[in-house]
Amino acid sequence: MRLSEFIYESSPIFLQNFFCGLEGRRIFQRRFSQNFFTIFEDIKERDKLPKDELESLQLKRMRGQLILAYENSDYYKTLFDRYMFDPYGFESFDSLRDLPILMKEQLQEDIEPFLNKKSAPMESVTVRTSGTTGAGLIFPETKECENEKWAVWWRYRTNLGINFDTWCANFGGKVIVPIKQTKPPYHRIIKPFRQVTFSMYHLGPDTVIEYVRVINEKKLEWIHGFPSTLAYMASLMLEQNLSFDHRIAWVTIGAESLLPHQKEIIRRAFGTAPKQHYGLSEPVANISECEYGSLHVDEDFAYVEFLPLEDDPNRCRIVGSSFANDALLFLRYCTNDIVTLPSKPKKCPCGRAGRIVEEIEGRRYDSIVQKDGSKIMILGHIFRDMVNIREVQVRQDKSGFVTFYIVRSKNYTQKDEELLRYEIEMRFKIDYDIEYVEKIEKTERGKLRLVVSELS
Ligand SMILES: [Zn+2]
């Protein structure tokens, strides 16, 4: 434990709230600087640009980044020369496809050659990604880029009607209430962010009532968090007949992809369906749900390619190039995240020109190996109607055999198990076990992984 963590944990709650406010203010001042609001205004303006103006904006921004990368980074200088790629004459995104895909592992191995040598360290912040399958990535990001990332996220929120003054009930992965604490309150207040941050680690059948009480008492209308945490809380509320005494206007989710059964449980318990948003620490792609429920690519923020999977062309991998990070250009960076595209192009009544995605599915590595050696994605789909499953994890340690770990809610019956078996047997060529457990271990950052494979 670090000294600062020790001091925090040993302090009385009012002091912990004070420290939260202090740390919150420090991050807040950087994230929401004057520059942020300038960028935010600009980004609001760009929201509904017509298609042709959007395209010329994309070309202009990409060209700027390519030139910067060519002139100031060793890797891109060598790469462009080898491929005879001319950044100054960049006129069409088709030419980008001649360049290779950039993998996270390349950056993890040695990030130095990728950096913009002329970028001043003072102008950058350090970003750490979590990475559920292994080591994360550490990279520099300009403050401008951080501002723009947050501005795009806030554009999505303000489009839904949330504003900068809206207080939020936040369920993140941070340990904000010491684990050894056994009595309420299970939340801390981060005033600068207008957040009541709840501890997901203390949430359980005996404590959920306290969480609901605080949200009611503070009349919080906006709930944000990991889908697995919100779905867990929702299922506890349904079981214990708990409800909010005011309308929850917004439920937004982050960090993990939202599974269909989670969406339904949350809608039933909170009275409002969660809105989705896809973004990642690397500023290479952003997708936001609009007020009409369509998932639009934020085309002004990054250049996003959808590359069909070889074994399943209906699904595409997200590959993105950043427009905003002068400290390090991500060019054709592979995210390992998968989306489904609509079978034919869709138009949305909102009028945004951004491409529409049917579904954000999740990670490529959410797959298992079947008896015949083939790989198949495990998707949230199969649990779509199973609202009595509180949590689920699929584990595989030998080829062709899988264990489904299930945390049941009180309403779970034999019928649910039959349905689960039916769905599994209908879809997969595997032998399997179902094991009922009290709880499922989360990752270090508190995320629930759908698939854990021990196969290399
Ligand atoms: Zn729309």
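Now for a look at the structure at hand. Because the structure is predicted, anything quoted here is derived from the model rather than measured. (Residues numbered from 1 in each chain as written. Predicted model: local features only at pLDDT ≥ 70, side-chain atom pairs only at ≥ 80, totals over all residues. Heavy atoms only, no water.)

Let us now look at unusual backbone geometry. With an omega of 5°, the peptide bond between P184 and P185 qualifies as cis. Position of P185 relative to the elements: it lies in the loop between strand 3 (168-172) and strand 4 (187-190). In this structure, M84 takes a positive phi of about 50° despite not being glycine. Take M84: it is sitting in the loop between helix 5 (74-82) and helix 6 (104-109). The backbone of R332 sits at a positive phi, close to 55°, despite the residue not being glycine. (Helix = DSSP H or I, 4+ residues; strand = E, 2+ residues; numbered from the N terminus.)

Read across the open sheet, the four strands follow the order 20-19-18-21; overall the sheet is mixed. The open sheet is flanked by strand 20 (431-436) and strand 21 (451-453), the only strands paired with a single partner. Averaged over all pairs of adjacent strands, the angle between their axes in this sheet comes to 20°, without regard to strand direction. Judged from the three bridges that link them, strand 18 (residues 389-398) and strand 21 form a sheet pairing that is parallel. Residue pairing across strands places V394 opposite V451, the latter belonging to strand 21. (Pairing = 2+ DSSP bridges. Axes fitted to C-alpha atoms, helices over the stretch in contact; angles between N-to-C directions.)

This paragraph deals with the coordination of the zinc ion. For the zinc ion, the protein coordination sphere consists of C290 (SG), H296 (NE2), C348 (SG) and C350 (SG), at 2.1 to 2.3 Å. Here the zinc ion binds four donor atoms, and the angle range of 98 to 119° at the metal identifies the geometry as tetrahedral. (Donors = N, O, S within 2.8 Å, 3.2 Å for Na, K, Ca; no water. Tetrahedral: all angles 85-135°; square planar, octahedral: opposite > 155°, others 65-115°.)

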